Amino acid sequence: MSQQLTGAQIMCEALIREGVDVMFGIPGGAIMPFYFAMWEYRDRLRHVLCRHEQGAGHAAEGYARATGRLGVCIGTSGPGVTNLVTPIADAMMDSTPLLAICGQVGSHVLGKDAFQETDITGITMPITKHNYLVKDPNDLAYVFKEAIYIATTGRPGPVLIDITKDAMQKSAIPNWDVKLNLPGYKPTYQPNRKQIREAIKLLASAKKPLIIAGNGVIMAGAHEELRHFAERLRLPVITTLHGIGAFPEEHPLSLGMPGMHGWVHCNRAIQECDVLFNIGGRFDDRVTGKASTFAPNAKVIHADIDPSEIGKNVKVTVPIVGDARLTLQALLEELPSREELADLHANASDWMEYIRDLQDRHQGKQQYINRASTLNMSLPPHDVYASLNQTLAERGNYIVVTDVGQHQMWAAQLLDWNAGPRTHITSGGAATMGFSVPAALGAAVAHPDKTIWVVCGDGGFQMTNQEMATIVQEGIKNIKIAVINNGYLGMVRQWQELFENKRYSGTPLSGPDFAKLAEAYHWKGITVEHASEVQAAIDEAHATDGPVLIDFRVEREVNVFPMVPQNSSIGDMITEESGA
Amino acid sequence: MKQHTIVALVQDRPGVLSRVAGLVRRRGYNIASLAVGHSEQPGISRMTIVVESDYVEQVVKQLYRLIEVIKVSDVTDDPTVEREMVVLKLHVPPSARHEIVSMCGVFEAKIVDVGTSTMIVEMTGAPAKVENFIEVVRPHGIKEMMRTGRIAMVRGARGHNAEQYVETGNGMSVPTLN
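The model shown is predicted, which means the values in this text are computed figures rather than measured ones. (Residues numbered from 1 in each chain as written. Chains lettered and ligands numbered in written order. Predicted model: local features only at pLDDT ≥ 70, side-chain atom pairs only at ≥ 80, totals over all residues. Heavy atoms only, no water.)

Chemist: Describe the overall build of chain B, listing the residues and the values that go with them.
Modeler: Along its length, chain B carries four helices and eleven strands. The contacts in chain B between residues at least 6 apart in sequence include a share of 71% that link residues at least 24 apart. By element, 54% of the accessible surface of chain B is carried by carbon and sulfur atoms, the whole surface being about 9300 Å². (Helix = DSSP H or I, 4+ residues; strand = E, 2+ residues; numbered from the N terminus. Contact = heavy atoms within 4.5 Å. Areas by Shrake-Rupley, 256 points an atom, 1.4 Å probe, with all protein chains shown as cover.)

See the structure below:
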């Protein structure tokens, strides 16, 4: 029998019922009743006090992406919640299950420009999967149930609940048993069998088949099924930036990353393939380049849980709406016999040989690292990745969180991603600089047993490094930060070099001594200026029982290659030989 | 630019109108008219949105992403009954009364208020007929005009044409194979 509770208590109970056990936030006037109630529940609801709401939002995202569970962030009315806008938009673009709990001014002053009042439901309408304004404590139990259901099902995304202060203070008897009333929201999980058979027919007839695997594979936990499917049909697999981890790169069928900074052989394979099967990717423009020139010879099979993604950027021959795991299971169930696949296997084998030849001719990853190392630089960025790569492979049990920019692309290119899903966390769609440090905090809270490596640039690092204090206050020891410090907003500088005649407008960037900054935050700080010191610094970071920052002062003007200029065909790539 | 008539069935909740309008705005399309009211089912409203655009397929699909949107159809090329109401306050000196009254008779418009120098007339009909009526009375001087926006209903037993779509089991649909 339910008893009378305050709105704020109902919120805590609702969160606990939905399996939430940690939240990231900052209190303030309008959200204070929630913090008052939270105290009673502190043994079941851990609150991580962040230093900025943007940090809280990204931390919740990092937690969600490291686990697949809901991430929860909290902000007070006005500036508190407007600071959450960036992580909410980021979660929307990268389909991250996120719940933003916002305090709002009292309902009696709503709409009167009250102190710290902002129309956050209005602001976030286009960047949330759904949002709510709650003015009555009687609505809270239902709204929390519905909001969390929406955030975590179908194509996951951010949901915001704005609650007036009086709704948290007043009491109500929560009704936990109200059935969800969502006639317009019934995500399709099971794919249509007819479409599945069409897809198989098309793939079986292919001479140059190709799989692109995206974030959907990871979110559906479909990596095993993807491997079985690719192996059974012997199809080469490309993994997008968010598909990293969906397919081990050491697998003989793995090709690597496509797109703007993808490998030449991946992009050529896309341009030449005759059947392209995209599972759980959304044909982002950083993957397709100029969409009208993308995969000109291919019939496209596109499987996505969100029907609005199908046909949005690329013309599709076989659309499949469904969960990636159930789709791959259905495809495996409909597979023809080995004899019937003999032609495909023979063709795929010739095709693979052709792609591997392309790869050899256009420089594999190792060669890129070696090339840079041979140049006359005291610390080429590639050397950092080479050492980190080797150490991570040896030690295992890690997650790499990257920020946005050159260092992010190098990480995607130069590290060998073999540790499975959810070991690579980055901001892809929104490309939010400042994502990595707070996201690593969330990942570290979720996985205290793993080493969380942040790889970030000196630009993004300076946007949110205040969360280093949160990491210390929470007693988190398993975060190591590698700042790829080149004194520029490097990716913009690269574009300026290549396309704007080296007009370095607004890109040279200074910073404090990051190692000293780390020491000031009670971290260990290490500065590395020479390639010969890299390995020792990484080893010291691992050996240290506490958070460590390494300031890698790398060569300043190094470019990420290969590269496809914006709005060009992915067939037209600038490589290191042609571009530098 | 072509006008598209989109009919949407939505849950009657606060903000739903704003969400639908915002989604169309996001793609930079102009809403020519938008009419909304209760449907035959309690808690469910029906909207008719007239959008000026050459390409609305993506808007229709994106509308499905809104949690409160239950069903969306582009009925532009379907056989429909379309209606709109206009209320006009006309400048009518006594000398012009006779002509206005007879024009209202031709268009089956109703005179709902008569003042010393004004009249308010209401007229309902297919959008083209409404346009026609407005143009005919315009020379007399329109002081105020209000239009309800278009409402549209597909003729026959079926709500909308579904042949070229595959149902995905949730009322959503995706284009079939060529």
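Chemist: Quick one: what's the story with the domain arrangement of chain A, residue by residue and with numbers?
Modeler: A common way to report how large an interface is uses the accessible area buried once the components associate. Residue and element names in this part refer to chain A. Domain annotation of chain A identifies domain 1 (5-172), domain 2 (193-361) and domain 3 (367-561). Taken residue by residue, the interface counts 26 residues in domain 1 and 28 residues in domain 3. Both faces combined, the contact of domain 1 with domain 3 buries some 2000 Å², and carbon together with sulfur accounts for 59% of it. Counting the surface domain 1 buries against domain 3, the share from its top three residues, Arg51, Arg65 and Ala66, is 29%. (Domains from an automatic or database assignment. Buried area = accessible area lost by both parts, 1.4 Å probe.)

Chemist: Give a description of the sheet that holds strand β18 (residues 479-485) of chain A that names residues and reports values.
Modeler: Residue and element names in this part refer to chain A. Taken in spatial order, the six strands of this open sheet run β16-β15-β17-β18-β20-β19, and their pairing is parallel. In this open sheet, the two strands that pair with only one neighbour each are β16 (424-425) and β19 (524-528). Of the strand pairs in this sheet, β19 and strand β20 (residues 548-553) are connected by five bridges, and their pairing is parallel. Within β20, the residue paired with isoleucine 526 across the bridge is isoleucine 550. Across the sheet, helix α24 (residues 534-543) lies against β17 (451-457), β18, β19 and β20, angled at about 165° from β20, the strand it touches most. (Pairing = 2+ DSSP bridges. Axes fitted to C-alpha atoms, helices over the stretch in contact; angles between N-to-C directions.)

Chemist: Tell me about the packing of aromatic side chains, and name the residues and values.
Modeler: Residue and element names in this part refer to chain A. With the rule as written, the count across this model stands at eleven aromatic pairs over all chains. Between the aromatic rings of phenylalanine 24 and tyrosine 63, the centroid separation amounts to 6.3 Å while the plane-to-plane angle is 55°, which identifies the pairing as tilted. Note that phenylalanine 24 is positioned in strand β2 (residues 22-25) and tyrosine 63 in helix α3 (residues 53-67), a separation of 39 residues in sequence. Both residues of the pair, phenylalanine 24 and tyrosine 63, belong to the buried class. With centroids separated by 6.2 Å and ring planes inclined at 15°, the aromatic side chains of tryptophan 351 and tyrosine 354 adopt a geometry described as stacked. Separated by three residues within a single helix, tryptophan 351 and tyrosine 354 lie in helix α15 (residues 342-361), roughly one turn from each other. Above the plane of the ring of tryptophan 39 lies arginine 42, whose end atom (NZ or CZ) is 4.0 Å from the centre. One cation-aromatic arrangement involves arginine 493 over tyrosine 488; the distance from NZ or CZ to the ring centre is 5.4 Å. (Phe/Tyr/Trp six-rings, centres within 6.5 Å; stacked < 30°, edge-to-face > 60°. Buried < 20%, exposed > 50% of the residue type's maximum accessible area, 1.4 Å probe, protein only. Lys NZ or Arg CZ within 6 Å of the ring centre and 35° of its normal.)

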